[in-house]
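Residue-level structure breakdown
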Amino acid sequence: MSISLSSLIFLPIWINVAEIQQGGPDEKEKTTALKDLLSRIDLDELMKKDEPPLDFPDTLEGFEYAFNEKGQLRHIKTGEPFVFNYREDLHRWNQKRYEALGEIITKYVYELLEKDCNLQKISIPVDATDSEPKSFIFMSEDALTNPQKLMVLIHGSGVVRAGQWARRLIINEDLDSGTQIPFIKRAVDEGYGVIVLNPNENYIEVEKPKMHKWSSDGTDEPAEKRERRDKVSKETKKRRDFYEKYRNPQKEKEMMQLFIRENGSPEEHAIYVWDHFIAQSAAENVFFVAHSYGGLAFVELMIQREADVKSKVTAVALTDSVHNVWHQEAGKTIREWMRENCCNWVSSSEPLDTSVESMLPDCPRVSAGTDRHELTSWKSFPSIFKFFAEASEAKSSSQKPALTRRSHRIKHEEL
């Protein structure tokens, strides 16, 4: 019979627990402490020897990577794509390295939005004080003054930030598929104003202050009581240090989150940007492109600002949206408006724009021409602009967009 390494590591602890459980109340407290220790120990971390420091470069050049003329991330010496498993059997370290690179990618995309797309970085809340946490969005110079068309881009949830669809695509594929830059450039070329939302930038992280406990100088305290208290304190510190050794082997800083006023969630952010920017814009036709959770944020915006959205928004392109009109309690009038003015390009192995049936009575669903969730925005790129052009033309001629007249719409109405 074979015995795993983990069994050998934990066997003495389990024996100790069994022995302690036979004791009295004091021993039960020790049992609780030991069980707490077992719950905190990550075996993967325990078995790692000499994990390298979590000290990574803060530039692409430091990582020895750069984007080539095709927008692909390549090693500057070997020309090879990014390698996740840089060190074998050190998954945690490799993941931290990947995350560090991801933060650099985020800043790189921000720079492209300003320098390559000529967008302006706008701080929010608009009335923020110097000392409070802030976020930001990006806008074209004519976003609020363009009288004709305005395009609003909303990405999904997770680590992505303004200007990105999927970090994984940026690192492993290219900038075109993973960022919103192709949408922005084409929108500008076709005369749209542009606003790029940043719905995941909900808080800033600061180092958690260390707690200082009040302690008596013990002047009026009996010597025996003071000695017992000091002994308990030392044991507590020893146990805490033992826990910390395994919970935080690299002695990483403890961080806390300070949420941004009125932008503490993607839904709040969408409503805030609507109230302070989109609703104030001069555009006669506003168009939304919302990916994944961005679709849910848009539906929530509709629920909260139904009349305003209906009067200003001409069409909405969703890409593999995770919204749910039932769970979000969208009313009948909202569902009817979505059937007429929205289209959801979903992940599917069917050819691009092929109708896909849905059990939900909201907007039409068509194939994005890919079964990969993160690629749906890029693959449906040409169809989305065509959809917006048809919607704009239909509005000016008081007709319905061609996409909303498909046969599957009748099935929704029959439901």
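In this report, the structure presented in the accompanying data block is examined. Every value quoted in this text rests on a predicted model; they were computed, and no experiment measured them.

Within the secondary structure, Glu300 is located in helix H11 (residues 293-304). The spacing of Glu300 and Val325 is 25 residues in sequence and 9.4 Å in space, taken between C-alpha atoms. Once residues lying within four places of it in the same chain are set aside, the contact partners of Glu300 are Glu267 and Gln328. Within the structure, Glu300 has its side chain in polar contact with the side chain of Gln304 (distance 2.9 Å).

Mapping Lys310 onto the fold places it in helix H12 (residues 306-312). It is 9.7 Å that separates the C-alpha atoms of Lys310 and Met338, two residues lying 28 residues apart in sequence. Apart from residues lying up to four places away in sequence, Lys310 is in contact with Met302, Thr333, Ile334 and Trp337. At 2.6 Å, the side chain of Lys310 and the side chain of Glu306 are in polar contact.

Another aspect to go through is the pattern of salt bridges. Once the charged atoms of two side chains with opposite charge are near each other, the side chains can pair. Inspection of the entire model under this criterion finds 13 salt bridges. Note that Glu374 is salt-bridged to Arg168, the shortest N-O span being 3.4 Å. Here Glu374 is found in the loop between strand E12 (365-367) and helix H14 (376-379), whereas its partner Arg168 is found in helix H6 (residues 167-172), with 206 residues between them in sequence. Across the salt bridge formed by Glu262 and Arg261, the nearest N and O atoms sit 3.3 Å from each other. Taking relative accessible area as the criterion, Glu262 reaches 42% and is therefore assigned partly exposed. Connected through shared salt-bridge partners, Asp127, Glu132, Arg261 and Glu262 make up one network.

Excluding glycine, most residues fall at negative phi; most peptide bonds, likewise, are trans. Cis geometry marks the peptide bond from Ile124 to Pro125; its omega dihedral reads -5 degrees. With respect to the element layout, Pro125 can be found in the loop between strand E3 (120-124) and strand E4 (135-139). Phi angles above zero are rare outside glycine, and Asp320 is one such case at about 50 degrees. Relative to the assigned elements, Asp320 resides in the loop between strand E10 (313-319) and helix H13 (332-341). Residue Asp320 is classed as buried on the basis of its relative accessible area, which comes to 12%. The backbone phi angle of Asp353 is positive, close to 75 degrees, even though this residue is not glycine. Mapped onto the elements, Asp353 comes out in the loop between strand E11 (342-346) and E12.

Bringing the packing of helix H8 (residues 181-189) against helix H15 (residues 381-396) into the picture now. Running from amino to carboxyl end, H8 crosses H15 at an angle of 35 degrees, the nearest separation of the two axes being 11 Å. Seen from above, H8 lies across H15 with right-handed handedness. Touching Pro182, Phe183, Arg186 and Ala187 of H8 are Phe381, Pro382, Ile384 and Phe385, all from H15. Of the residues assigned to the contact of H8 with H15, the class counts are seven nonpolar, no polar and one charged.

Before going further, it helps to spend a moment on the environment of Glu336. Mapped onto the fold, Glu336 is located in helix H13. Judged by its relative accessible area of 33%, Glu336 falls in the partly exposed class. Spatially, the C-alpha atoms of Glu336 and Pro361 are 8.5 Å apart, while their sequence positions differ by 25 residues.

Buried and without a salt bridge, Asp320 has Arg365 as its closest oppositely charged side chain, separated by 6.1 Å. Within the structure, the side chain of Asp320 is placed 3.0 Å from the side chain of Ser347, a separation counted as a polar contact. Each residue touching Asp320, except ones within four places of it in the same chain, is listed here: Ser292, Asn344, Trp345, Val346, Ser347, His373 and Thr376.

Below, the discussion takes up the pairing of strand E6 (residues 192-196). Counting buried positions over the five residues of E6 gives five, a clear majority of the element. Residue alternation in E6 divides its side chains into two sets, Tyr192, Val194 and Val196 and Gly193 and Ile195, and both sets are buried. In this structure, E4 lies alongside E6, joined through two bridges in antiparallel fashion. Pairing of Met139 across the sheet is with Ile195, part of E6. Two elements, strand E5 (residues 149-154) and E6, share five bridges in a ladder whose sense is parallel. Across the sheet, Leu150 pairs through a bridge with Gly193, a residue of E6.

About the cut-offs
Residues numbered from 1 in each chain as written. Predicted model: local features only at pLDDT ≥ 70, side-chain atom pairs only at ≥ 80, totals over all residues. Heavy atoms only, no water. Helix = DSSP H or I, 4+ residues; strand = E, 2+ residues; numbered from the N terminus. Contact = heavy atoms within 4.5 Å. Polar contact = N/O pair within 3.5 Å; in protein donor to acceptor, adjacent residues only side chain to side chain. Salt bridge = Lys/Arg side-chain N within 4 Å of Asp/Glu carboxyl O. Buried < 20%, exposed > 50% of the residue type's maximum accessible area, 1.4 Å probe, protein only. Axes fitted to C-alpha atoms, helices over the stretch in contact; angles between N-to-C directions. Left-handed = near helix turned anticlockwise from the far one by under 90°. Nonpolar A, V, L, I, M, F, W, Y, C, P; charged D, E, K, R; others polar. Lys, Arg positive; Asp, Glu negative; His and termini not counted. Pairing = 2+ DSSP bridges.

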